[in-house]
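The residues making up each chain are set out below.
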Amino acid sequence: MPQFLYPLLLLACPIGMGLMMWFMTRGGLHASRRSSSVGSPVAHFELDKLREEIAELRAAQKDTRETL
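Visitor: Honestly, the overall build of the protein chain in this entry has me stumped. Any pointers?
Guide: Within the protein chain, the secondary structure is distributed over two helices and zero strands. Of all 68 residues assigned to the protein chain, the portion counted as buried reaches 0%. Entry remark: accessible area of the protein chain is about 6500 Å², with carbon and sulfur atoms responsible for 68%.

What follows is the structure, encoded as structure tokens:
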């Protein structure tokens, strides 16, 4: 194998890791932009429904613990 390929092989892992971190950081920026759509009325309605469901489940769990 030619001598110039050895340093390239040694740097392949750190360079690949750096590229993955860079792409993941860029993906995080897009996710924060998408979260701005939570202000829509449909999202608020769904969020309220989920909160009600969580409250019901917690109440049922509390009742179950009290009976034991």
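Visitor: Sorry, what's going on with a negative patch on the surface here?
Guide: A cluster of acidic side chains, namely D48, E52, E53 and E56, defines a negative patch on the protein surface. Within the secondary structure, E56 is located in helix 2 (residues 41-67).

Visitor: Just to check I follow, could you spell out a nonpolar patch on the surface for this structure?
Guide: Together, L11, I15, L19, W22 and F23 make up an exposed nonpolar region whose accessible area comes to about 520 Å². Examined against the element boundaries, L19 turns out to sit in helix 1 (residues 5-34). The class of L19 is partly exposed, set by a relative accessible area of 44%.

Conventions and cut-offs
Residues numbered from 1 in each chain as written. Predicted model: local features only at pLDDT ≥ 70, side-chain atom pairs only at ≥ 80, totals over all residues. Heavy atoms only, no water. Helix = DSSP H or I, 4+ residues; strand = E, 2+ residues; numbered from the N terminus. Buried < 20%, exposed > 50% of the residue type's maximum accessible area, 1.4 Å probe, protein only. Areas by Shrake-Rupley, 256 points an atom, 1.4 Å probe, with all protein chains shown as cover. Patch = residues over 30% accessible without salt bridge, like charges linked within 9 Å, V, L, I, M, F, W, Y side chains within 5 Å. Salt bridge = Lys/Arg side-chain N within 4 Å of Asp/Glu carboxyl O. Lys, Arg positive; Asp, Glu negative; His and termini not counted. Charge placed at Lys NZ, Arg CZ, Asp CG, Glu CD.

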